[in-house]
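# Inside the fold
Read off the chains here:
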Amino acid sequence: MKIVWFRRDLRVDDNTALISAIESGEPVVAVYVATPQTWRNHHHSAIQADLIFRRLVALKQELSELNISLYYAQVDTFSQSARLVAKLAEEIGASSVSLNKEYEFNESKRDELLFDLLSQAQIDVHAFDDKCLFPPGSVKNKQGDYFKVFTPFKRAYLTKLYQSSFTVNKPNEMSEQIILTSELVKLFGDRSLFEYPREQSEQYPVGRDEIIQKLRDFVADNADSYSERRDFPAISGTSTLSCYLAIGALSIRQCMARLMYQQALPLQGGREVWQSELIWREFYQHLIYFEPKLSKGHSFTMWGDNLVWRNNPAEIEAWKRGRTGYPIIDAAMAQLNNTGWMHNRLRMVVASFLVKDLHVDWRIGEEYFMSNLIDGDYAANNGGWQWCASTGCDGQPYFRIFNPITQGEKFDSDGSFIRRWIPELETVPEKYIHKPWCWPNAKSLSYPSPIVDHKTEREITLALYKNAKENLDGA
């Protein structure tokens, strides 16, 4: 008998660990272990917790159709989850445990503990590089080292992609279903078992066929125009598939295969741009593997930890609540706070504002995003925040600072997105929508004036970053 341990790979199709276990010919049981204390430590969002719960219910049914039972357990921490799975494997006489690797530091330590425990029990473990299309270490520069800049990584990645072949595999049905009577796990289905705060995520379907159809529809209808539409938050120009990638309900291979299907290579136009976004996710997964310090709150650059932050509590709270007085910033934060999602262009704009206009430590923003996003993924979120803070691998140059007014004018020119999320600005004329304090009737608005002056704060940021780099050079 084989155990398949599901984590952030909540799918039956194209799941390497699951398919390998099925192909062995031995009976298979599946296990999912919730770890609420660790999730709290990692600032796991309530809306993503709900998505995971709903996806687990669907996964249970999909596995049942393959004659595989899904069992559920809850412990506090990652280390306890490893001990539970190892104990279960011994108790039921499992020949092996199959799993798909995760690359963050705590997740890696959890799996190392599992490997040690299973080795002592003389039980095999089969760990697969399933999360990325190409595993960390397989895309290297000419010196044999990992890439620290995205563009050459992407170039090498695409060369490897177009010179190799990959398949999207589907599992076969098992000949018999194994029902356990273990006291360690309970059959999943009782909502009370999932003891973690949840906020409803019903707007996101969780069935396998529904998720696959969303991928197909995006590629068929919007992929070609993605490059022209993706930066405008008032329209549906992005895939909105990131939440499924984050919990593993979709694989990178499924997305890449659908995007490349019957297309001339290399891809062009909007398809190439969306492919690039997928490769960014891969890049950050590789980085998190090679640089454990990124999982420990450190900047990628050595000088990044020398930055001096203002961290004004009132300004941080205004940013979180969407009350900064800059409409595009506040509309974006309202979207996040009300839906658990934020448009990708706006993620960069609000991150730049927090770090470079309010001089707030990027880790505070990183944590707030993780605690609210339905598509929170540690590697991608950390990479994005460090890119905006200019402290990361291949980060934005520190002297490039988004102007919150011009960003609004460029990507929400008529203010339709702003009006959608900030009702008190509905009556403001288009001429003033990005600077409502300049409107002659501004005093009639229940909307705050800007909490800082962008031009002034920009100069402060340039000095702070210059000093941080010089202090390192002089150390």
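Heads up: the structure comes first, above all this text.
Rules and cut-offs
Residues numbered from 1 in each chain as written. Predicted model: local features only at pLDDT ≥ 70, side-chain atom pairs only at ≥ 80, totals over all residues. Heavy atoms only, no water. Helix = DSSP H or I, 4+ residues; strand = E, 2+ residues; numbered from the N terminus. Rg over C-alpha atoms; globule rule 2.2 N^0.38 Å. Buried < 20%, exposed > 50% of the residue type's maximum accessible area, 1.4 Å probe, protein only. Core = buried A, V, L, I, M, F, W, Y, C linked by side-chain atoms within 4.5 Å. Contact = heavy atoms within 4.5 Å. Axes fitted to C-alpha atoms, helices over the stretch in contact; angles between N-to-C directions. Parallel < 35°, antiparallel > 145°, perpendicular 65-115°, else oblique. Nonpolar A, V, L, I, M, F, W, Y, C, P; charged D, E, K, R; others polar. Salt bridge = Lys/Arg side-chain N within 4 Å of Asp/Glu carboxyl O.

Along its length, the chain carries 19 helices and six strands. Compactness check: the chain gives a C-alpha radius of gyration of 24 Å against a globular reference of 23 Å for 475 residues, within 12% of the reference. Here the C-alpha coordinates of the chain stretch approximately 75 × 55 × 50 Å along the principal axes. Put simply, the chain has 475 residues, and 55% of those count as buried.

Attention now moves to the nonpolar core. Judged by nonpolar contacts, the single largest core of 79 residues is most densely connected at Tyr32 and Trp274. Leave out the neighbours within four places in its chain, and Trp274 touches Leu215, Phe218, Val219, Tyr226, Ser239, Leu241, Cys255 and Leu259. Ranked by size, the runner-up nonpolar core spans 46 residues in total, among them Ala331, Met333, Tyr368 and Ile422.

Running from N to C, helix H11 (residues 269-290) and helix H16 (residues 378-389) point in directions that differ by 95°, and their axes come no closer than 8 Å. When the axis of H11 is compared with that of H16, the two are roughly perpendicular. Contact residues: H11 offers Trp280, Tyr284, Gln285 and Ile288, while H16 offers Tyr378, Ala379, Ala380, Gly383, Gly384 and Trp387. Of the residues contributing to the contact of H11 with H16, the split by class is seven nonpolar, three polar and no charged.

This part is about the pattern of salt bridges. Taken as a whole and judged by the stated rule, the model has 29 salt bridges. Residues Asp13 and Arg208 are paired through a salt bridge, measuring 3.8 Å at the closest nitrogen-oxygen approach. Of this pair, Asp13 sits in the loop between strand E1 (2-6) and helix H1 (16-23) while Arg208 sits in helix H7 (residues 208-221), and the two are 195 residues apart along the sequence. By relative accessible area, Asp13 is classed as buried at 9%. In this structure, Glu65 and Arg208 form a salt bridge, with 3.7 Å as the shortest nitrogen-oxygen distance.

Here we take up unusual backbone geometry. Cis geometry marks the peptide bond from Leu265 to Pro266, where omega comes out at 0°. Positioned with a positive phi, Asp14 is a non-glycine residue whose angle comes to about 55°. Note on placement: Asp14 falls in the loop between E1 and H1. For Asp14, a relative accessible area of 2% gives the class buried.

Within H1, burial applies to Ala17, Leu18, Ile19, Ala21 and Ile22. For H1, the elements touching its buried residues are E1, strand E2 (28-34), helix H3 (46-64), strand E4 (96-100) and strand E5 (124-128).

The residue Leu278 is located in helix H11 in this model. Sequence separation between Leu278 and Asn471 is 193 residues; the distance between their C-alpha atoms is 36 Å. When residues no more than four places from it in sequence are discounted, the contact partners of Leu278 are Leu245, Ile252, Cys255 and Met256.

Attention shifts here to the environment of Gln80. On the secondary structure map, Gln80 appears in helix H4 (residues 78-92). When its relative accessible area of 36% is taken as the criterion, Gln80 is described as partly exposed. Along the backbone, Gln80 and Leu114 are 34 residues apart, and their C-alpha atoms lie at a distance of 9.8 Å.

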